[in-house]
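Structural description and commentary
Here is what each chain is made of, one letter per residue.
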Amino acid sequence: MSDLSLALHALLSRKIVSLLSVLLTAFGVMMALVVLQFAAAAQQRIDRDGKGVDIVIGAKGSPLQLVLSALYHADIPTGNIPYTEAEKWMHHPQVKQAIPLALGDNWKGFRIVGTTADYAAHYGAKPAQGQLWEAEFEAVAGAGTGLALGQTFSGAHGLGADGHSHDHQLYKVVGVLGPTGSVIDRLILTSVNSVLALHGQETTPAHEEHGDHDDHHHHHHDDDDHDHEHHHDHSEPAKQPAEITALLVKTRSPLANINLPRSINRDSMLQAANPALEMTRLSAVFGLGTRSMGYISAFLIGMAALSIFAGIAGSLDSRSGDLAVLRALGYGRHRLFGLLLMEGLALTAGGLALGFVMGVAGFVLLAPAIPALGAQALQPDIHWLWLALTVLVAGLAASLLPALRAARADPAQLLSQR
Amino acid sequence: MTALELTDIRHSAGGREILRIPALSVAAGGRLLLLGPSGCGKTTLLNLMAGLLRAEQGHVSLNGQAYDTLSGRALDALRRKYFGIVFQKLHLIGHLSVEQNICLAADHPDKTYMHSLTDRLGIADKRRSAARNLSHGEAQRAAIARALMNRPAIVLADEPTSALDDAQADNVSRLLLDETQTAGAALIVATHDARIKPLFDTVLELAP
């Protein structure tokens, strides 16, 4: 009979205590795994969606809100900005590329984004079916929206799914983008003027100056309850919009990432935000939650280690005779020590395996409920290995003391007592 | 040929000397009965012979190899190789099967030999039973099988008949004698049970 088999038989002889240790370990591992997965997915989403955008320009307000609304489509915009004002910065010598965005409507919760073809190109999105929009009210659907080529739909006012519909003007899907794994999969793209026309924004011939704009045009859709009176004129769509919501800017140098926002914030009515900076701030807050979950996981793993300790140490008295018999049968101290460690490791390994299964299952079940996280796929990484090693070391440490006690016991004395 | 030799052994417990053996030897295949009342040091003597205890004074040696020159690990290995032990309370591991209990005594158990042992001892049908479910008689036979499983040079038995009636005591004693003879092993029995005295050629009576 191998020592491993002997250790497993000993564990099976006290099923309830062993099961409890395995379950406690499994819960700790499961929680740690789910936290690790969601934290990794959130970070990947932040990195993936924010890649290649150095500055976001929009209406004054919260810079984090501007970044979240324009880059991650996870908040309401800070307002609209006059296109002429934005245009000044679009052609700034330090700007390499500027992509305009006009937000305001949605279809079943999927945001309708007025933009240019550069936006799709930025995320490497290409039509899997059809083509990009050309005329107004032609739309291109992201891969995750469920819209089909040729389908018509009306945009609903606001950025939530419960806004009133613009039934008088339908969009037509002329293209469906292939999946990119980025935020664009959950967007519907169209021209800037399409979005603005639905909301009565004036459009002007290209390069016409608009010196009499208000200083700050608040975004129309921050408040879904306000009264809407749209004056659409779709007969001759203009090339240049009166307003946009934001500009996604790629600069020519890292230095410009610092200098340009400073100039914009100081010298214009606009606001420029640095996404990297804002997301670092957000991560500091979000990371607190992740850390808390991490602490809870560590606590659970600690409890599991304690239960392993209690299970093995607690059984020593009742098993002292069995262990003494093994010594009498020629099992050395080191072999007995190894036997007890094996029991601890077997419990830990069992909990670890079950915890991984539960963690993976939990993630697979929970991920679809949080589509914005874009975390549908499991991403095993080095943290999994560290988690497994940590748990194994904890289990080993927990069984160390009982193993030492068993190895040091005097078999002659134990056999005479039993 | 001398197998086991003890010289000038003195051992105490709780400040009281409980054992004094000037000289004792057991030849290969020999039979020795250690007879004496409770507390006279019979079990201690068996433990000294098995290397489970080290003598405070004197020497124990097996085939010329003195125990006091051996490390604890070497003594464990010696015990595993040369000794089979039948404990007074049998000490089978309850959650293991009879077969598993018997095989614990050998590093590479010879299953054929284990089957022949259990066949001869009349517990072949209990091989897969958990030890905790055996009757006392069955457990005693399983303990004897375990003591013989590693084909030991010496079998030590501690009070194997103390709780048995005359017939059972005679039966168990004969089992031990027969099986050790078949296996070519020496047998040393420690007991206070004088009923089995006639079965042994050599008897060492220990005083309290």
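This one's a predicted model, so the numbers in the text were calculated from it and none came from an experiment. (Residues numbered from 1 in each chain as written. Chains lettered and ligands numbered in written order. Predicted model: local features only at pLDDT ≥ 70, side-chain atom pairs only at ≥ 80, totals over all residues. Heavy atoms only, no water.)

1. A word on the overall build of chain A
- A count of helical and extended segments in chain A gives 11 helices and 14 strands.
- For chain A, with 418 residues in total, the buried portion stands at 50%.
- Pairs at least 24 apart in sequence give 81% of the contacts found in chain A among residues at least 6 apart.
- With the model as given, the accessible surface of chain A reaches about 18700 Å², and the carbon-plus-sulfur share is 61%. (Helix = DSSP H or I, 4+ residues; strand = E, 2+ residues; numbered from the N terminus. Buried < 20%, exposed > 50% of the residue type's maximum accessible area, 1.4 Å probe, protein only. Contact = heavy atoms within 4.5 Å. Areas by Shrake-Rupley, 256 points an atom, 1.4 Å probe, with all protein chains shown as cover.)

2. A few points about unusual backbone geometry
- For A:H73, which is not glycine, the phi torsion reads 50° and is therefore positive.
- Here A:H73 lies in the loop between α3 (63-70) and β2 (81-82).
- If you check the backbone angles, B:R151 has positive phi at about 45° while not being a glycine.
- Here B:R151 shows up in the loop between α5 (136-148) and β7 (154-158).

3. A few points about the pattern of salt bridges
- Scanning the model with the defined rule gives 22 salt bridges over all chains in all.
- A salt bridge links B:R10 to B:E17; the shortest N-O distance between them is 4.0 Å.
- Ionic contacts of the salt-bridge type, sharing partners, join the residues A:D3, A:R335, B:R80 and B:D107 into one network. (Salt bridge = Lys/Arg side-chain N within 4 Å of Asp/Glu carboxyl O.)

4. So, the interface of chain A and chain B
- On the side of chain B, 21 residues touch chain A, which itself brings 23 residues to the contact.
- Across the chain A/chain B interface, buried area totals approximately 2000 Å², and carbon plus sulfur atoms make up 60% of it.
- Scanning the region where chain A abuts chain B turns up 2 salt bridges.
- Among the salt bridges present, the one from B:D107 reaches A:R335, with a minimum N-O distance of 3.5 Å.
- At the boundary of chain A with chain B, the tally comes to 5 residue pairs in polar contact (both at pLDDT 80 or more).
- Secondary structure elements with two or more residues in the side of chain A that touches chain B: α1 (3-12), α8 (275-328), α9 (333-366) and α11 (411-417) of chain A.
- It is α8(A) that contributes the most residues to the side of chain A that touches chain B, 5 residues altogether. (Buried area = accessible area lost by both parts, 1.4 Å probe. Polar contact = N/O pair within 3.5 Å; in protein donor to acceptor, adjacent residues only side chain to side chain.)

5. Quick look at the environment of B:S61
All names here are of chain B.
- Along the chain, the position of S61 falls in strand β4 (residues 57-62).
- Taking the C-alpha atoms as reference points, S61 and S25, 36 residues apart in sequence, are found 9.5 Å from one another.
- Sequence-distant contacts of S61, that is, excluding residues within four places in its chain, are made with A3, L4, E5, A66 and Y67.

6. Examining the side chain of B:D193
Residues and elements named next belong to chain B.
- Mapped onto the elements, D193 comes out in the loop between β8 (186-191) and β9 (202-205).
- Note on D193: relative accessible area 8%, which makes it buried.
- At 2.7 Å, the side chain of D193 and the side chain of R195 are in polar contact.
- Look past the residues within four positions of D193 in its chain and what remains in contact with it is L35, T161 and A169.

7. Focus: the packing of α5(B) against helix α6 (residues 166-183) of chain B
All names here are of chain B.
- Running from N to C, α5 and α6 cross one another at 20°; their axes reach a closest spacing of 11 Å. Regarding the angle of α5 to α6, the classification is roughly parallel. Note on packing geometry: the crossing formed by α5 with α6 is right-handed. Across the interface between the two elements, Q140, R141, I144 and L148 of α5 pack against N171, V172, L175, L176, E179, T180 and A183 of α6.
- When its residues are assigned to classes, the contact of α5 with α6 shows 6 nonpolar, 3 polar and 2 charged. (Axes fitted to C-alpha atoms, helices over the stretch in contact; angles between N-to-C directions. Parallel < 35°, antiparallel > 145°, perpendicular 65-115°, else oblique. Left-handed = near helix turned anticlockwise from the far one by under 90°. Nonpolar A, V, L, I, M, F, W, Y, C, P; charged D, E, K, R; others polar.)

8. A short note on the confidence of the model for chain A
Residues and elements named next belong to chain A.
- Per-residue confidence for chain A gives a mean pLDDT of 81; residues scoring 70 or more make up 84%.
- Here strand β10 (residues 203-204) stands out as the element of chain A with the lowest mean pLDDT, 53, in contrast to strand β6 (residues 138-141), whose mean of 94 is the highest.
- Taken together, the stretch residues 205-238 has pLDDT below 50 and engages in 74 contacts with residues farther than four places along the chain or on a different chain. (pLDDT = per-residue confidence, 0-100.)

9. Points about the domain arrangement of chain A
Residue and element names in this part refer to chain A.
- Considered domain by domain, chain A is made up of domain 1 (3-46 + 282-416) and domain 2 (55-273).
- Every contact between the two is made by 5 residues of domain 1 and, on the other side, 5 residues of domain 2.
- For the pair domain 1 and domain 2, the interface holds 0 salt bridges.
- At the junction of domain 1 and domain 2, the tally comes to 1 residue pair in polar contact (both at pLDDT 80 or more).
- Residues that form the side of domain 1 that touches domain 2 fall into these classes: 4 nonpolar, no polar and 1 charged. (Domains from an automatic or database assignment.)

10. Focus on the pairing of strand β13 (residues 246-251) of chain A
All names here are of chain A.
- Here β13 lies mainly inside the structure; 5 of its 6 residues are buried.
- Pairing geometry for strand β1 (residues 55-59) and β13, over 4 bridges, is antiparallel. Each residue of the ladder has a partner; that of I57, found in β13, is L247.
- Sheet topology note: the strand β3 (residues 95-107)/β13 ladder contains 6 bridges and is antiparallel. Within β13, the position partnered with Q97 by the bridge is K250. (Pairing = 2+ DSSP bridges.)

11. Thoughts on the packing of helix α2 (residues 15-50) of chain A against helix α10 (residues 382-408) of chain A
Residues and elements named next belong to chain A.
- Running from N to C, α2 and α10 cross one another at 160°; their axes reach a closest spacing of 11 Å. One element, α2, and the other, α10, form an angle in the roughly antiparallel class. The two elements α2 and α10 meet at a crossing, and its hand is right-handed. Each of T25, V29, A32, L33, L36 and Q37 in α2 lies in contact with α10, whose residues at this interface are H383, W384, L387 and V391.
- Taken together, the residues of the contact of α2 with α10 break down into 7 nonpolar, 3 polar and no charged.

12. What about the sheet that holds β9(B)?
Residues and elements named next belong to chain B.
- If you trace the 5 strands from one edge of the open sheet to the other, you get β6-β7-β8-β3-β9, paired in parallel fashion. The open sheet terminates on both sides in strands that have one partner only, identified here as β6 (83-86) and β9. Sheet twist, expressed as the mean angle between neighbouring strand axes with direction ignored, is 15°.
- As paired elements, strand β3 (residues 31-35) and β9 share 4 bridges and run parallel to each other. Opposite L32, over in β9, you have T202 as the bridge partner.
- Its contacts with the sheet put α6 on β3, β6, β7 and β8, and the angle it makes with β8 is roughly 155°.

13. Here's the deal with helix α1 (residues 42-50) of chain B
Residues and elements named next belong to chain B.
- Counting buried positions along α1 yields 8 of 9 residues, so the element is predominantly enclosed.
- Turning to α1, its buried residues are K42, T44, L45, L46, N47, L48, M49 and A50.
- Of the residues flanking the end of α1, it is G51, one or two places downstream, whose phi is positive at about 80°.

14. Some words on the environment of A:G114
All names here are of chain A.
- Mapped onto the elements of the fold, G114 is located in strand β4 (residues 110-115).
- Residue G114 is classed as buried on the basis of its relative accessible area of 0%.
- Here the alpha-carbon distance between G114 and V360, two residues 246 residues apart in the chain, equals 38 Å.
- If sequence neighbours within four positions are ignored, G114 has contacts with P100, L101, A102, T190, S191, V192 and V195.

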